[in-house]
Each structure stands twice: as C-alpha cells, then as structure tokens.
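Structure assessment
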Amino acid sequence: MLGAARRQLGSGPMLGQVLRRLRPAAVAEATRGYSAAAKEMTVRDALNSALDEEMSADPSVFLMGEEVGEYQGAYKISKGLLDKYGPDRVLDTPITEAGFTGIGVGAAYQGLRPIVEFMTFNFSMQAIDHIINSAAKSNYMSAGQISVPIVFRGPNGAAAGVGAQHSQCYAAWYAHVPGLKVLTPYSAEDARGLLKAAIRDPDPVIFLENELLYGESFPVSAEVLDSSFCLPIGKAKIEREGKDVTITAFSKMVGYALQAAEILSKEGISAEVINLRSIRPLDRAAINASVRKTNRLVTVEEGFPQHGVGSEICMSVVEDSFEYLDAPVERIAGADVPMPYAANLERMAVPQVSSFSSILNFLLALAHTV
Amino acid sequence: MAAASFTAAKFLAPVAARSGGEKAPPLPAGASSSSFARAMRRGGAHHPRLRTALAVSSDVLAGNKAQAAAANPAVTREEALELYEDMVLGRVFEDMCAQMYYRGKMFGFVHLYNGQEAVSTGFIKYLNQADCVVSTYRDHVHALSKGVPARSVMAELFGKATGCCRGQGGSMHMFSAPHNLLGGFAFIGEGIPVATGAAFAAKYRHEVLKQSGPDGLDVTVAFFGDGTCNNGQFFECLNMAQLWKLPIIFVVENNLWAIGMSHLRATSDPEIFKKGPAFGMPGVHVDGMDVLKVREVAKEAIDRARRGEGPTLVECETYRFRGHSLADPDELRKPGKDYFPVSFYFFASLVKFLVLTRLSGEMENGIKASLAKFAVVWYSVVPIELVNETLLSDFSFLSSLHSSYLICQHSDRYDEKSHYAARDPITALKKYIIEENLGTESELKSIEKKIEDVVEEAVEFADASPHPPRSQLLENVFADPKGFGIGPDGKYRCEDPKFTQGTAQV
C-alpha cells in the first residue's frame, strides 16, 4: 500500500513529512493491518533467528564450527551472527571435528552452552567418540555431577547429487544412544521452537536439519515469532488428521507424506500424518493413540532400512497396540545401498511420493478383502 | 636429587624477546579489545610465533640443556612434607588397590600409577581448587592429588554407592565436580580435547562473561601418555590451544610403554617435547622421577597460562613400576636374569646355526622348530615374538645373527626396571628432605604411618558401604529427564494445541 503511494507522490524525504502531516493515523493503521497477515519464514531464517535470540538472551551460549563466522555459515544459517556477537562467541574452527567437538564438550562440562555445527552430519562420524563417550555418557558416569548442555547441529540426510559420503541419515545412529536427545525439525516453526528448546536444554541434543529444507518457506504465526517461543522435546505433531491410516515421518519426509496424503485423499483414503519432531525420546503415546484410531501404520524415513527409526516405531506399536492393527506395519525407507551419484539412481535410492501411494493402496486393498 | 637440577624460570625468555613487542596484555584485562578476540581475529597471520628450538628445553637429554641450572630449586619445609605426603598417599593407595583387586573386591580394568607419583604431585599440588585436571584411565592418583578423599575413590573402585561417582564410573571414570576433576577417560586421547574445552571455558568466562578469578585465568592440566602423542586429537588440540592461547598445560607422562608397545617402536620422532614448537608453543622435557624438577616446570607453565600467555607442552620422563593394568602380565618388560655381553650372543647364534643346519636334513620341521624354541628359551633372553619372527622361518646364519642383533638391541631393556626402580621418586624426595634438613626420619615415618591409616580406613569405609540401590540404574541419564520444555508448574511451556495438532494445508 505504501509502495503504491510512493509511486504516485514520488520518493524523497518530502513524502515522509507529507504522510505524517496528512494521515498519520491511517498510515499507522495500514502498518498494523499489514503485520497481522500470516507471515512466511524459511527454515534458514527460522534457525538463524533462533540462534540469534538464544545468543542474545544467554551470554554463555556460543557457536563453533567450520565456516560459521566469516563465511556466514556453510549454508548461511549463521549469517550476521559474527558481526553481532563477535569472534569470541562465533568461532571459526580449523577442520578438526574430533578436536573441536571435544573442546565444545569440555566447555559444556564447565557450564558454558556451546552449539557445535557440523557442516554435515556425515562429518560427525569423525567426532562421534566425543558425542557419545564424553557427552552422552558423562552425566551418567559422574552420577549427575557433570551435565553437558551442548547442541550438535547441522544438515543430515541426502541432499542432491552429493554422493555416498555426504548423504547418510544419522537419526537411527544417535537415537540408539541413551543420554542423547535427537530432534528432527521439518517446518520453520519446528526449526525455531526445537532449536530454542535444544539450546535451553541441559543435556546433549543432536539437532538434525535438512539441507533441502533450508530454502523452503512455511507460514508462521505471531506466537512462533515471539522470542520466548519454545516447543517441547519429546512431543510429535499431527500435521494432518485422518482416519484410515497413520503415516509417521520426520524431516523432509513429512513434506512427502503430506503430498502423498493429499493424493490419497482424492482416492477416498484419509491419511493421518505425524511429524515425529523428536526421534529420541520418541512420542510413543501420540503414535500409539493414532494407530489405535486408524488401525494401520506406515513409517517413513530417508535412511537405510535396517535398524532404522521405522523398526523402533513398529516395535513400539506392536508392544502397545498390537490388537488394534488391522494390517502389518509397512516401512518406507531409503534403499539399502550407499547413495549413488547418478541422478536417476539417486531418485530410486530415496523414497519418492509415488512410493507412498502404491504401498498404501496395496495395504488398503488388502484390508478391504479381509 | 641430582645436584645440577633444572630451573625452568627462564625457558621462555628468548621467546618473549623475539615476539616483536606484541605480547599479551596483563590479566585481568577488562579492556574493550580482549586479547582473546585479537588472537582469534588474527587467525595466525600476525600471531607472534615461536620459530626456533629455543622454546624447547630438556634437563635430561644430553645436548639439549637450554639453561645451566645453578642451584637446587627452593622448596620450603611445609611444601616438601606436603609433596612427600601426597606421593606416599598415591603409592600406598595403589598398592592397596592391587591387594584388593586380587582379593576380588575390585574388578574390571584397574590401571595403577606406581612410580609416576612425581608427575601428579608436582603439577597438581600447585593448582587451585578452581583449576581443572583431566586424566586418562590411570586416574586414581590424579584424583587423590586434586583432593578427592581416599575413601570416596576407594568406594568408587569397589562400586559402592558412596563412591565419588556413586559407583557408576569406576576406576577409569573418576569425576568430581567440586574438585574440578573432569575425568577419567577410557579412550586414548579423549581427555585432551575435553581439557582444551575446559581451558576454553576459563578464557571465555574471563573475556566474555567478565568473571575473573583473583589470580588470573583458571588453568587446566591434561595428563596423558606417550602412546597418545601419536593420536590425531593430540595434534588437533595443540593447534587450537595455541591458536586461541588457551590456559592449558599438556603433560605427557612418557613411561616409554603403551601396554606392550614400546614408545620407540611406535613413534617416528620419539622426542615428544619437540612437537610443541611445531605448533608454536614451548616444549619442555623434564625428569619425571624428580618431583622438585617437575614442580619447577609446573610453576613456570601454570603461571604462564594464568597470565594468558598460552599453552605449554611438558614431557615428563617417568616409568610405571607395575604393568599396564592389573590384568597385564607385563612380559615384554621382563627383567633379564643376567646381562650377557655381545660376544656371547654371537657365539650363541653360531651354535644355534650349526645345530639347526645339522638337523635340517635329518628331522621334520616340527621337531626342528621345537628345538629352536627350546634353544632360545634355555637362554631365556629372547622374547617369544622374536622367536617366531626369526628362528622358525629360515635357519640361515644371517637370520641367527639378526636375532642376536635384536637381542642386543633389546638388551638395554632388561636394565629398565631396575634402572627406574633406583630412581623411585619417593625415596629420592625422602633422601633430599633428610639431607637438606627439611625434616627428620621420624617425621617422615609418622607421615607414612598416617597415610597407611588413611588408606586402611578408606578400605574399611568402602567395604562397609552399601551397593547402589536398584533405582540408581535408571537415574542420571539426563540432567533434565522430563525436560522437554516443562515449566515450573509441571506443564509443557507450549501447551497450545496448535503446536501439536493441525490440519495441514499442502
């Protein structure tokens, strides 16, 4: 609106004075009306704002990792933070995952709250000794004397055409370890809320982002933008309600599941999509409640199928809601191969939207014949 | 104590002079431009760098004596008795651990520190409560020196609920938050980055949070062995500690053995202290069997770190009198019964050669092999690994000679244990105290008696303590188990159902 006014009256300092003299109330009203509309935020901005707010709220929070400072972040997640907080609190590290992860853990032992960024979680394998042995186990080994309020974050899972060594999903690996909390945000709201919760949490948190989601925009409400906004760790979100089948997914797969649910709804199948948000602890209550409602379950993940997240969810449902299942639990996962490079092979190695529909149709057809 | 002992006071003087006038500001700075920030912004390009080997000094290795030491280091009577008491506590405690282990009270992996007490006492007794110590699995004596009561350590080893970690850590994982003992790590090299992180936190607290201690920065001391100095994390942390000028001292307890791997067999350049200057920090080598020398070096390094001048690498030449752990039969360091001259080995190999070649045409390989083994076992000087390598493969004269050469190479090993036993740090300090009239024989005896009572009492306490309750199994996995955004009223901070439910608009 103001833009249109500018074009009519011309630009320059005169405009502001004119507007202020003639219609101050109307201008204010126009501004107010504009901000009340639904805002969209990319996941990248959500993460950046969460980091910014937590660092300004608590001076013991600091960020360390490769390229987080002067390069503004390998994926620009930490853009602007170096200028705002200085090199004392936004540290560019040398390429020494084992070393700087251990340094983060040691700083956390002494009460600081580090955020360690891995350029991708594949590189966390070089530091996994510190994540598990010095971070996850320390509160237990010291009988509560030494807690480790650290966050390990970075992109996880497959990107596009980056090859086998850059494409692995580590959700199942870290979710296996007692002493860690593992979070997998999907939308901008998840990213903001869960990252803030992770930074405030007194325990080691693995925060698995996804590179392909960084640029995606999601609508966010005013509460989400509030600086005290925080999501609970260990609670899933029912992204879409349904009654015929439950689909659990996390990270990028939530988007695919929602698309699949849309396609299925046109064929008369109403799917309930659960965004897990937290792999450890898993929101078993929500998953089981949903399965008891729909009686069918499909688990979706991007990672390798054996010993994956889906296996754990299936077991949880078998333990708690076995009588409610009308059909065997179906698992959609990545192919059991290291990620190939060729574009067509890569597409085949990761679940696609079409994989969902075919499995679900099969399941439901099976159910109807019984 | 040798008359010419090491004074470390000046080992950094040449370095400071060469740094082109750019020296670290005195602490506490409180200035707007912190040295920390400056050091990190510099990124190394204009960083005062130590370029020559003058940053390296050793009082043990010939040809490397940077300073000629004039007098013995000064130590007061109280200090000397304190050092003596601490070392005796370490020794008596570890001996008691061995006894308890063989009686089944202690179990699992137990690694004893006998012989290395001078290093622990020399460094840790100069630290404050707020300074941190990070150790390896050989951590009982570090815990004791740092002030953890002997009864807590003993109870921890017995796996009782009154241990310093309530029985959840064990021998290899001693933690004590009030004493700033940050572990106790089983993995080689794992403690070094953690220690570097603790030093980072000390510097951060000073520079960013503006919480200064009265003496300067809180210092962290990382103890680790010679085997660890080949590990990647060691070098990564030398780099980052110097890059960011962290208040840390890297103390290498070079006892020449990593389980059964001799330091010389594992390391391309065995002089570890030289690796410090490669990263720009001073590297010092000191006789780790002499607690006063260690203390001198410790004072210099710790004071330097407190002033914010950065890390130091200290290599302490020391020795462990017992095996790697109580489960280690310690065969590779077995002392020889006799020390044979070189010519004997030559003749022995000649005889072996003749005997075996005579037999080669007449008997089966199996018998040949057994005879070969018998021959060397009879000499009882060749370790079993050399038998396999050289004597069974072929019986040429060259191989016999080679085996003799190897024997000679290793023969100095057979002096090792007695060589270091003669340099026992406790007897050396005792001798020094009596010679310098810092204490009488009876005073020292009463200290020993007192320590023995302390350790006995610790054992009784540990024995009488209860095992952990069953409920302890699931405790302390998380500091905040419910965590998850639960506020003080017990409800989730974001109970708004909008955040856990919704029908998506795709």
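Residue positions are given per chain, counting from 1 as you read along its sequence in written order. Each chain is given a letter, starting from A, and each ligand a number, starting from 1, according to the order in which they appear as written. Reporting of local features is limited, given that this is a predicted model, to residues whose pLDDT is at least 70; pairs of side-chain atoms are given and counted only at 80 or more, and all residues count toward the totals for whole chains, interfaces and linings. The basis for every side-chain value is the complete set of non-hydrogen atoms in the structure, without hydrogens or water.

Next up on the list: the overall build of chain B. Secondary structure follows DSSP: runs of H or I at least 4 residues long count as helices, runs of E at least 2 residues long count as strands, and numbering of each begins at the N terminus. Scanning chain B from terminus to terminus reveals 18 helices and ten strands. Residue exposure (1.4 Å probe, protein chains only): buried if accessible area is under 20% of the type maximum, exposed if over 50%, otherwise partly exposed. Looking at chain B as a whole, 54% of its 506 residues are labelled buried. Where accessible areas are quoted, they stem from the Shrake-Rupley method and a 1.4 Å probe; at the residue level, only the protein chains shown are allowed to cover. A total of about 21900 Å² of accessible surface is found on chain B, and carbon and sulfur atoms cover 57% of it.

Parsing chain B into structural domains produces domain 1 (77-329 + 423-464) and domain 2 (474-505). These domain limits were set by an automatic method or by a database of domain assignments. The gap between the C-alpha centroids of domain 1 of chain B and domain 2 of chain B is 43 Å.

Stacked, edge-to-face and tilted are the three classes for Phe, Tyr and Trp ring pairs, Trp counted by its six-membered ring, which pair at centre distances within 6.5 Å; planes under 30 degrees apart are stacked, over 60 edge-to-face, the rest tilted. The full count for this structure, using the stated rule, is 21 aromatic pairs over all chains. Members of the aromatic cluster, each reached through a chain of ring pairs, are F100, F118, F121, F152, Y170, W173 and Y174 of chain A. In our convention, an over-ring charge means Lys NZ or Arg CZ found within 6 Å of a ring centre and within 35 degrees of that ring's normal. The lysine or arginine in question, K76 of chain A, covers the ring of Y71 of chain A, its NZ or CZ lying 4.1 Å from the ring centre. Directly above the aromatic system of F478 of chain B lies the positively charged group of K181 of chain A, at a separation of 4.6 Å from the ring centroid.

Residue and element names in this part refer to chain A. Whether two strands pair comes down to DSSP finding at least two bridges between them. One open sheet holds the seven strands; their spatial order is β3-β2-β4-β5-β7-β6-β12, and the pairing between them is mixed. Two strands bound the open sheet, and with one partner strand each, they are β3 (90-92) and β12 (278-280). The mean inter-strand angle of the sheet, taken between neighbouring strand axes irrespective of direction, is 20 degrees. Direction of pairing for strand β4 (residues 113-117) relative to strand β5 (residues 151-155): parallel, over a ladder of three bridges. Bridge pairing in β5 links V116 to F152. Axis lines are fitted through C-alpha atoms, for helices just across the contact stretch, and the angle between N-to-C directions can take any value from 0 to 180 degrees.

Let's shift gears to the UniProt feature "domain: Transketolase-like pyrimidine-binding" (unreviewed entry) in chain A. Taking the UniProt record as the reference, the feature "domain: Transketolase-like pyrimidine-binding" (unreviewed entry) is found at residues 41-216 of chain A. Helix makes up 36% of residues 41-216 of chain A and strand 16%. Its end C-alpha atoms lie 8 Å apart. UniProt positions are given in the numbering used here, feature names are shortened, and annotations may be inferred rather than shown by experiment.

All names here are of chain A. One can read the domain layout of chain A as domain 1 (40-225) and domain 2 (237-367). Centre-to-centre separation of domain 1 and domain 2, based on C-alpha positions: 26 Å. Only heavy atoms matter for contacts: two residues are in contact if any of them lie within 4.5 Å across the pair. Taken residue by residue, the interface counts 31 residues in domain 1 and 24 residues in domain 2. Using a 1.4 Å probe, buried area is obtained as the accessible area two parts lose upon being combined, added over both of them. For the pair domain 1 and domain 2, the summed buried area comes to about 2000 Å², and 56% of that belongs to carbon and sulfur atoms. Salt-bridge detection follows one rule: a side-chain nitrogen of Lys or Arg within 4 Å of a carboxyl oxygen of Asp or Glu. Joining domain 1 to domain 2, the criterion identifies three salt bridges.

Right, let's talk about the sheet that holds strand β9 (residues 237-240) of chain A for a bit. Residue and element names in this part refer to chain A. The five strands are arranged β9-β11-β10-β13-β14 in an open sheet whose pairing can be described as mixed. Of all strands in the sheet, those with a lone pairing partner are β9 and β14 (330-332), marking the two edges. With direction set aside, neighbouring strand axes in the sheet form an average angle of 25 degrees. Judged from the five bridges that link them, strand β10 (residues 245-249) and strand β11 (residues 271-275) form a sheet pairing that is parallel. Residue A249 lies in a different strand from β11, and its bridge partner there is N275.

Residues and elements named next belong to chain A. Tracing the backbone through its elements, the reader meets S49 in helix α4 (residues 43-57). When neighbours within four sequence positions are excluded, S49 is seen to be in contact with M41 and R192. There is a polar contact of 2.9 Å between the side chain of S49 and the backbone oxygen of A46. Distance and chemistry together define a polar contact, namely a pair of N or O atoms within 3.5 Å, with one atom able to donate a hydrogen and the other to accept it when in protein, and with adjacent residues in sequence counting only for side-chain atoms on both sides.

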